[in-house]
Structures are given as C-alpha cells and as structure tokens.
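In case you want the letters, here they are:
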Amino acid sequence: MNEQVKIDTDRAERTEKLQGMGCKRKRVEDIRFTQGKGSYVDDLKLPGMLFGDFVRSPHAHARIVSIDTSRAKALPGVIAVLTAADLKPLGLHYMPTLAGDVQAVLAEEKVLFQNQEVAFVIAEDRYIASDATELVDVVYEALPCIVDPFKSMLPDAPILREDIQDKMVGAHGPRKHPNHIFEWQIGDKQATDDVFAKADVTIKEMLVDHRTHPSPLETCQSVASFDKVKGELTLWGTFQAPHVIRTVVSLISGLPEHKIHVIAPDIGGGFGNKVGAYAGYVCSVVGSIVLGVPVKWVEDRMENLSTTSFARDYHMTTELAATKDGKILGMRVHVLADHGAFDACADPSKWPAGFMNICTGSYDIPVAHLLVDGVYTNKASGGVAYRCSFRVTEAVFAIERAIEVLAQKLGMDAAELRIKNFIKAEQFPYHSALGWEYDSGDYHTAMKKAMDAIDYKALRAEQAEKREAFKRGETRELMGIGISFFTEIVGAGPAKNCDILGIAMFDSAEIRIHPTGSVIARMGTKSQGQGHETTYAQIIATELGIPADDIMIEEGNTDTAPYGLGTYGSRSTPVAGAATAVAARKIKAKAQMIAAHMLEVHEGDLEWDIDRFRVKGLPEKFKTMKEIAWSAYNAPPPNLEPGLEAVNYYEPPNMTYPFGAYFCVMDIDVDTGVAKTRRFYALDDCGTRINPMIIEGQVHGGLTEAFACAMGQEIRYDEMGNVMGASFMDFFLPTAVETPKWETDFTVTPSPHHPIGAKGVGESPHVGGVPCFSNAVNDAYAFLDAGHIQMPHDAWRLWQVGERLGLHG
Ligand code: MCN
Ligand code: CUM
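Residues numbered from 1 in each chain as written. Chains lettered and ligands numbered in written order. Predicted model: local features only at pLDDT ≥ 70, side-chain atom pairs only at ≥ 80, totals over all residues. Heavy atoms only, no water.

The chain is annotated in an unreviewed UniProt entry as Carbon-monoxide dehydrogenase large subunit of Peteryoungia aggregata LMG 23059.

Here it is in structure tokens:
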C-alpha cells in the first residue's frame, strides 16, 4: 500500500467511525421503542395519583341551564368535581389560545360543540372517574347550530360566541359579523383584478381541503403534580413545545416560571396535535393545586378525534389567469376558513391563516391576491397544521389542483404547463408576489429527474390507449396520472415575522463535552418520533469529530434544556439544527486554542482534519478532539477558562424552502369506486441530507398520511353538529394493507443561509402528497368531463362520481 492510499484509507475509516452527516445511522431511540421500553406520559405512576375525566356535551350548541354534581360526588372514590363555577374565581374558566382568542376550559353558560368539556371529575382511578361523569346531571336547552361555514355570516345566523359578542375588533382586526373571526388580505388586489379582466384564459374552482385530524397513536395527556410546601408544579405532558407550555402555565396560573417544571417524556407521535394547550392540561393542573396530589388526565380516542385540534377545513375559491399558450399571469384566492367554536389555530401570532400565502407555489406568478375570512361554527376548535407547516398543505393543494384545471382548459399537458411556469434556478433568491423570499431551488432539474424516472411519456401513451379502450367498453378501469410539484416553507422563523405569544421563534442547542470526550447536548425542540436523538448527534459528530455513539441528545425537560420554541412546522433542522452547528463551531474554536497550546504552535498553523487539529504541513503532529477535551479540564491554556461547552440561540435569517416532484399512477374501478395506487414516486429536495434513512422514513410516513387524507380520512358533522367518524371504525387510518409502495428519490440544493445547508423535510411528503393523490383521481375522470372532484376520494364517493356521470349503465 503506498503512502497516499494509506492516508486516504485512514481518513475514510475515521470518517466512517463518526457516523456523521450523510450516514444512514440506525435510530438510537429505537433500541428502547422496539423493546417496549419507551417512557410515555401514561407510564408515569406517582404515589397518591388521582385520575381526571371529562363530562362532555352531547349538544353542538346549547345553553346550560344547570349542573348538578351531587350524585357524582357521592360515588365512593370520587374526590372532586370541577365546573366553570369553580374555575371562574381563579380566572381559569377561559384560557388564552395561541391565535389571540380565548377558549372555554369548562363551559360556563353555553356549549359550542359536541363533546365540549363541561365538568372535570377527579377520582381514585380512571374507571371510577369515568363512571362518575355519567352521574353529573346537566340540563341543556338546545340552540340552533351552524355546521356549514358558508352560513356563519348570514344576517340571521345564531350568534355563537356571546362572550365576545360586542367585541367587534378581534386579534387580527375588525370583525364583520359576530361569527366572524378575522379577515386577512395580502397581495396587490387592484393589479390582480386588472390582470384577470384582460387575460385570454381564466379558471375558477372551489377547492375544499376538508376537515381531518392528526390522530397520533398516543392521545393527548398530562400529569400535574403540585408540591404545596415548595410551591412548585411539575407538569409532564405530550408537548411538542414544552418551554412554551411552561410560559403559558406561568402566565395563566400566576406561578413564577422557575417554579414550574415542564417535562415532555417520550411522545407517541404528534403531527401537530400536541402543539396547542388543552382543557385537560389546565384541569389536571388546577386539580393538583387544589388537592395537593398528582392528577393524571388521558384522552381516549374519541375525545382525541372530536375535541383536540382538528386540521384543514379550508374552502378555497381559487382562480388563475393565463395567456393562451399557458403563461400564468395572476392568481386570486378567497378562503373561507372554518375554525370551529374558538380560534385555537396554532400559527405564529402574525399569521391568522398560517403561511397560506405560499399558494403561488413553485411558479413565477407576477401578481396575486389572497383573502382569508375566518369564521366560527359549532365544531371543535383547533386548526393545527397536521404535518404541514402552517396551512401549507392547503396552499399547495390550491395551486396544484388549480394548475391541473388550467391545463385541462388550455388543452395542455399538466407537466409541460408546470415546467413552463417554474421559477428558474437563476431567479433564486426569488421574491414571490405574496411576500416570501425563496432561499434556493432548482425545479427544472428535479422535475426532469422525476419524469425520466417514471417514464412520463410512456405513462401518458398508456393512458391514452386505456381511455380509448374504456370508450369502446373493453375495460371498466380508469387510469389517472397525478402530478404535484410543491414548494414548502419551513423553519419558522425569523423574529421579524414569527413569534408565539410575543416570543421570537428562535431555537437553541447546548453542547457540553465531558473530560473523556463524550458529549451531552440539549435542544429546545422535542422529538415525537422524528429521530432527533440520532440526527442531532450526527451534526455534532461531523462538526466536532466525535463519534455519534459518544453523544447523548436530550430534549423535553425545561429545567435542563435551553429555551426553545419546540418541534412543529419542520423547524427542528432549520432552526435547532442550525443552533447545534453554531454551538459546535464555538466549541471547535476553543478547541483550536487548546490544541495550539498543546502542540506549542500558533492557532493559525492548525487545520481541522475530521476528528483532530493537525499542524499544517506536518500531518503527524496532531491532537484529537478526545485529547483536547481532556486537556480542557486538565491543563487549559493560561487565560482560558477550563471546560468545553457552548450554547447557541439561533435566530434564522429566513425560512428554508424545500421542494419536490411527486408522481402517482392510479387505476380506478368505475363500478366499485375502488382506487388502486399502482406507483407513487416522490423526489424530495431538503438541501443537505443529515440521515438519508431517517429522511426516507419521514417521507414514507408523510406520504402515508397524505394517502389517508386524500383517500378517505375525514372529520364530518351532520346537520345537528354531531361529529361523525370520531373513532377508528369510521376514521380512515391506513395500515400496511391499504398503503401503497413508495419510491423515493432526491436532489440536493442546499439552503444558502443555513450553517449546514439543510432544510426541513418532516412535512414535505404530506404537503406534496395530498394534491398528488387528488390530481391522480381527477386526472382519471378528466376525459369524461367530470369537473373538479372533491376529496376525500373514498370508494363510496368515487362510486357516486360514476353514478353522476352515468357510467353505471
Ligand atoms: N432530517 C435530515 N436531513 C434534512 C432534514 C431533516 O436528516 N435535511 C431529519 C432530521 O434530522 C429529523 C427528521 O429528519 O430527524 C425531521 O426533521 P425536520 O424536517 O427538521 O422536522 P422536525 O424534526 O421539526 O419534525 C417535525 C415534523 C412535523 S412538523 C410533523 S407534523 C411530523 C414530522 O415531523 N410529525 C411526526 N414527522 C413525524 N414523524 C414521526 N415519527 N412522528 C411525528 O409525530
Ligand atoms: Cu405541521 S403539524 Mo407539525 O407542525 O407538528
């Protein structure tokens, strides 16, 4: 072996040992998860712990005439029953929402949606608590209810929120009607209207992104334990953002923030469901403060699906204007947003409709105007993103369906129309008509790679043949080709436009290197299954030359982790991932000083080499990170403090804009309405890839949830406001049996402003997946002049489409 080969092999081995960025490192958390050794909120058992359960309203809209708790209190084992009357003197019968509204913790005079919390029974065990809820006698006087958001603002509509009836200016400006929450506008209305007035071709379509729910396997839960002697509260819970919860608890309870310990242990999936604050958290806290013993609250599945945080329910009138040859000139969108009974959307404060203004998508659209009206209805509140960074799924659904409708009107191929209108690689950073600065992208390259991979031309040829065969009556199957090219916006966010309750949306990392060279690092984020313990360690491994296996990642304990805004909106990598790299670089700078001292050379004479500093030109003279760590505690250079650790609070200069090209091939039986996904190809670009295996897992999960939403999942209400589908009997949760096989691919366009060039990926597959499925279904029926077919596309609804088109003979 010659000398150079030896050096190269040695370097390759040292790099491999680190298991740093780019490595398909196996998930370290899975060692405990796969053995059933995870530690979740419901695993917590404390001495003397009591259990709480809710009495819930059977009505969607009713006046509460009386509440009698005496029969429940008489049941042996029942310790207390809380009602609004108990919470009111404490000022806790309402709580603030993240959207600037207030939400009833326990209903006082009225209930506003079915299953709303009316009383909280605390008992010795959960069975007694549950039995006792049936012994609380509530007399209701039913009121007419509003289920259809289009009827919310009618002149004679019943007023839902009597508590804010006279408040005609809400958190986001004037309200047009007592059932109106906000109007939000962005873009140049006049210029957009002018373009539409003159355009050769325009399309207009009402696109409904129906109400659904994130439904993580573990429901929302908490355990509160108040120590009366110390005056300290410890709150364990399913929190995607534990620090924010601590601040909120302090603000609403009046307890000083340092006397509140919030702990998010292992979490069994979040998907946005665990961002908000819920009545159950408040009631467990109040119960524990009042009784002086720990109180646990655990939702069941029906409570989860029907009360905590729905998603979507956006009714989007979407218009495009274009030239005859397919150049898009303008976009106009009006959204009617159904927020349910309280505005409890989880968005950064200044964004009542999230980042819906990313709706111009991947296209260079010169002018646009977006108007969103939020309204109250008699449905559960929430409006969380559900695996979509703040309404981006809705935005991408709008543009990606609209572009297909336009393609059909123009008689143009839908892929060709997209390519014609893509923002070009040289236009980045790109300023969109609705105010965003896209950091980087190369859409043409991604689209070409995807089209080649699936052989798009051949698929269209096959489809043309199938259509002819269908017309001749030789087949009863329709073939659909779905396309979606999405641009995501993740990494909230810059302080200039993103805050939660006034706290800028930075995030943080604290890295501490121990004398023997092993590491503990803590972040302000909180994994719910994304594999943070694995991937943050990979960033540190590459930055500091310490094997990932020697690095422990800890999140979720507000006493030890630096303050952070939490995990949602795929912000962990863009924000806390950046903080991790910057903190590591601070440590590296100090390590360089220590190495220089050890090697008796000037700092500038050293260069970094994988896991060590070596003297330039003298590669045999070096100090490894491990040796430097020992020295940092044992013999630090004079004038340098001992130890080797750093903290970084990272305030991102911009969001990151991941993107992707998705294709779906579907065969639909017109007689049964059953749709079979033959192929699904997903190309994702999330910039620098930290762990390709984890990315693939994220894409599989996000696509599965996209498949669910597009093809069946729905939270529906009947006209009385009864929630339909609040159990897994009705709510479609795909298993491996229904789920298609996923083909994944990638390109790499780094983010220019992120320290390691990484963009988020957790939500991309969902954002791109939903319209891709819906486009495939719509494409299948397009040649039959079916018009836009609304989601969800379950067999029953597709069968109805066949009926409507007279296809069933
Ligand atoms: N990653 C990577 N390289 C990149 C980007 C990300 O290797 N360029 C890795 C990260 O290191 C991390 C994972 O992919 O391990 C997801 O990272 P990121 O995209 O930053 O998203 P977050 O960690 O902030 O996770 C949030 C996102 C959201 S908002 C929802 S909703 C969702 C999702 O993650 N919920 C999930 N994926 C989920 N996956 C599981 N298992 N459970 C959930 O509840
Ligand atoms: Cu977009 S749902 Mo996630 O933000 O927790």
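Student: Residues and numbers for the UniProt feature "domain: Aldehyde oxidase/xanthine dehydrogenase a/b hammerhead" (unreviewed entry) in the chain, please.
Tutor: Under the feature "domain: Aldehyde oxidase/xanthine dehydrogenase a/b hammerhead" (unreviewed entry), the UniProt entry names residues 35–144. Between the end C-alpha atoms of residues 35–144 the distance is 51 Å, and the span holds 15% helix and 37% strand. (UniProt positions renumbered as here; feature names shortened; annotations may be inferred. Helix = DSSP H or I, 4+ residues; strand = E, 2+ residues; numbered from the N terminus.)

Student: Explain the site of ligand 1 residue by residue, including any values.
Tutor: Taken together, 33 residues lie near ligand 1, and Gly-270, His-532, Thr-573, Gln-698 and Val-761 sit nearest. Within the side chain of Gln-528, a nitrogen or oxygen atom sits 3.4 Å from an oxygen atom of ligand 1. Separating a nitrogen atom of ligand 1 from a backbone N or O atom of Ile-690 is a distance of 3.1 Å. Protein burial of ligand 1: of its 830 Å² of free accessible surface, 95% is covered by the chains. Among the secondary structure elements, those contributing two or more residues to the shell around ligand 1 are α14 (532–544), α15 (572–599) and α17 (692–711). Its residues assigned to classes, the shell around ligand 1 comprises nine nonpolar, 19 polar and five charged. Composition of the shell around ligand 1 by domain shows at least three residues from each of domain 1 (3–38 + 507–650) and domain 3 (310–492 + 655–804). (Near = heavy atom within 4 Å. Polar contact = N/O pair within 3.5 Å; in protein donor to acceptor, adjacent residues only side chain to side chain. Areas by Shrake-Rupley, 256 points an atom, 1.4 Å probe, with all protein chains shown as cover. Nonpolar A, V, L, I, M, F, W, Y, C, P; charged D, E, K, R; others polar. Domains from an automatic or database assignment.)

Student: Lay out helix α7 (residues 242–253) in plain terms, naming residues and giving numbers.
Tutor: With 12 residues, α7 ought to run about 16 Å at 1.5 Å a step, and its terminal C-alpha atoms sit 16 Å apart, in line with that. A large share of α7 lies buried, amounting to nine of its 12 residues. Buried residues belonging to α7 abut β14 (232–237), β15 (260–263), α8 (279–291), β25 (499–500) and β26 (503–504). Two residues or fewer after α7 comes Gly-254, characterised by a positive phi angle close to 80°. (Expected span 1.5 Å × (residues − 1). Buried < 20%, exposed > 50% of the residue type's maximum accessible area, 1.4 Å probe, protein only. Contact = heavy atoms within 4.5 Å.)

Student: I'd like a description of the pairing of strand β29 (residues 551–555), backed by residues and values.
Tutor: Here β29 shows one buried face, formed by Ile-551, Ile-553 and Glu-555, and one open face, formed by Met-552 and Glu-554. Relative to β29, strand β28 (residues 519–523) is paired through five bridges, and the arrangement is parallel. When the bridges of β29 are listed, Ile-520 appears paired with Met-552. Considered for its hand, the β-α-β crossover made up of β28, α14 and β29 is right-handed. (Pairing = 2+ DSSP bridges. Right-handed = clockwise from strand over helix to strand, strands pointing away.)

Student: Which residues make up the coordination of the copper atom of ligand 2, and what values do they have?
Tutor: Surrounding the copper atom of ligand 2 are the protein donor atoms Cys-388 (O) and Glu-763 (OE), which sit 2.1 to 2.5 Å from the metal. Because the angles between the four donor atoms bound to the copper atom of ligand 2 fall within 73 to 138°, the donor set is best described as irregular. In this pair, Cys-388 sits in the loop between β21 (382–384) and α10 (392–410) while Glu-763 sits in the loop between β38 (743–746) and α18 (764–782), placing the two residues 375 residues apart along the sequence. A relative accessible area of 0% places Cys-388 in the buried class. (Donors = N, O, S within 2.8 Å, 3.2 Å for Na, K, Ca; no water. Tetrahedral: all angles 85-135°; square planar, octahedral: opposite > 155°, others 65-115°.)

Student: Give me the site of ligand 2: which residues, what numbers.
Tutor: Taken together, the residues surrounding ligand 2 are Gln-240, Phe-271, Gly-272, Ala-385, Tyr-386, Arg-387, Cys-388, Ser-389, Tyr-568, Gly-569 and Glu-763. In the environment of ligand 2, an oxygen atom lies 2.8 Å from a nitrogen or oxygen atom belonging to the side chain of Gln-240. Within the backbone of Gly-272, a nitrogen or oxygen atom sits 3.1 Å from an oxygen atom of ligand 2. Each residue belonging to the shell around ligand 2 can be placed in one class, and the counts come to five nonpolar, four polar and two charged.

Student: Requested: an account of a nonpolar patch on the surface, with residues and values cited.
Tutor: Residues Leu-217, Phe-728 and Leu-733 make up a contiguous nonpolar surface patch of about 270 Å² in total accessible area. Relative to the helices and strands, Leu-733 is located in the loop between β37 (723–724) and β38. Under the relative-accessibility criterion, Leu-733 is labelled partly exposed at 31%. (Patch = residues over 30% accessible without salt bridge, like charges linked within 9 Å, V, L, I, M, F, W, Y side chains within 5 Å. Salt bridge = Lys/Arg side-chain N within 4 Å of Asp/Glu carboxyl O.)

Student: Just give me the short version of the side chain of Thr-534, but keep the residues and values in it.
Tutor: Assignment of secondary structure puts Thr-534 in helix α14. Thr-534 sits in the buried class, given a relative accessible area of 0%. A distance of 3.0 Å separates the side chain of Thr-534 from the backbone nitrogen of Val-28, its partner in a polar contact. There is a polar contact of 2.4 Å between the side chain of Thr-534 and the side chain of Glu-29. With residues near it in sequence (within four places) discarded, Thr-534 still touches Arg-25, Lys-26, Arg-27, Val-28, Glu-29, Asn-691 and Ile-694.

Student: Lay out the domain arrangement of the chain with the relevant residues and their values.
Tutor: In terms of domains, the chain is made up of domain 1 (3–38 + 507–650), domain 2 (41–143 + 219–267 + 274–307) and domain 3 (310–492 + 655–804). Placing the centre of domain 1 and that of domain 2 at their C-alpha centroids yields a distance of 41 Å. Listed as interface residues are 21 residues of domain 1 and, on the opposing side, 19 residues of domain 2. Across the domain 1/domain 2 interface, buried area totals approximately 1500 Å², and carbon plus sulfur atoms make up 49% of it. (Buried area = accessible area lost by both parts, 1.4 Å probe.)

Student: Please provide a residue-by-residue account of the pattern of salt bridges, values included.
Tutor: Here the structure, examined in full by the defined rule, presents 60 salt bridges. Close ionic contact of Arg-678 with Glu-462 constitutes a salt bridge, the shortest N to O distance being 3.2 Å. In this pair, Arg-678 is assigned in strand β35 (residues 675–685) and Glu-462 in helix α13 (residues 456–471), connecting sequence segments 216 residues apart. Note on Arg-678: relative accessible area 36%, which makes it partly exposed. Given the relative accessible area of 27%, Glu-462 is considered partly exposed. Arg-512 is the salt-bridge partner of Glu-510, the closest N and O atoms lying 3.5 Å from each other. You can call Arg-512 partly exposed: its relative accessible area is 29%. Within the structure, one salt-bridge network assembled from shared partners comprises Asp-10, Arg-11, Arg-14, Glu-607, Asp-609, Asp-611, Arg-612 and Arg-614.

Student: Mind laying out the nonpolar core, listing which residues take part and the relevant values?
Tutor: Membership of the largest hydrophobic core comes to 144 residues, with the highest contact counts inside it found for Phe-355, Met-356, Phe-773 and Tyr-781. With 12 residues, α10 is the single largest residue contributor to this core. Leave out the neighbours within four places in its chain, and Phe-355 touches Pro-348, Ser-389, Phe-390, Arg-391, Val-392, Trp-436, Ile-489, Ala-492, Cys-498 and Met-655. By size, the runner-up hydrophobic cluster in this structure holds 44 residues, among which are Ala-537, Ala-541, Ala-596 and Ala-758. (Core = buried A, V, L, I, M, F, W, Y, C linked by side-chain atoms within 4.5 Å.)

Student: Would you mind going over the sheet that holds strand β3 (residues 78–83) in detail, with residue names and values included?
Tutor: Spatial strand order, β3-β7-β1-β16-β13-β14-β15: seven strands in an open sheet with mixed pairing. Looking at which strands have only one partner, the edges of the open sheet turn out to be β3 and β15. Across the sheet, the mean angle separating the axes of adjacent strands is 20° when strand polarity is ignored. Pairing geometry for strand β1 (residues 50–56) and strand β16 (residues 295–298), over three bridges, is parallel. From the neighbouring strand, Leu-50 faces β16, where its bridge partner is Val-295. (Axes fitted to C-alpha atoms, helices over the stretch in contact; angles between N-to-C directions.)

Student: Provide a residue-level description of the layout of surface pockets, including the pertinent values.
Tutor: Roughly 560 Å³ of internal volume is contained in the second largest pocket. Together, 29 residues line the second largest pocket, and Val-147, Asp-148, Pro-149, Lys-379 and Tyr-717 are the ones closest to its centre. Mapped by element, the contributors of at least two residues to the lining of the second largest pocket are β36 (716–717) and α19 (795–804). Across the lining of the second largest pocket, the residue classes tally to 15 nonpolar, three polar and 11 charged. (1 Å grid on protein atoms, 1.4 Å probe; cavity = no way out; pocket = protein on both sides within 12 Å on 5 of 7 lines; lining within 4 Å. Points joined across faces, edges and corners; volume = space filled by probe spheres on them.)

Student: Requested: an account of the sheet that holds strand β18 (residues 314–322), with residues and values cited.
Tutor: Here five strands make up an open sheet; going across it, the order is β11-β20-β19-β18-β12 and the pairing mixed. Each edge of the sheet is formed by a strand with only one pairing partner; in this case those strands are β11 (180–187) and β12 (201–209). For this sheet, the mean angle separating the axes of adjacent strands, direction not counted, is 10°. Bridging between strand β19 (residues 328–338) and strand β20 (residues 367–375) involves nine bridges; their strand directions are parallel. Bridging from a neighbouring strand, Asp-338 pairs with Val-375 of β20. In the packing of helix α6 (residues 189–198) onto the sheet, the strands contacted are β11, β12, β18, β19 and β20, and the crossing angle to β19 comes to about 120°.

Student: So what's going on with helix α16 (residues 625–634)? Residues and values would help.
Tutor: Looking only at α16, the buried set comprises Met-625, Ile-628, Ala-629, Ser-631 and Ala-632. One side of α16 carries all its buried residues, which in axial view fall inside an arc of 165°. Exposed and facing more than 90 degrees away from the buried side of α16 are Lys-626 and Asn-634. Where the residues of α16 are buried, they touch β27 (507–513), α14, α15, β30 (606–609), β31 (612–615) and β32 (618–624). (Arc of directions from axis to C-beta.)

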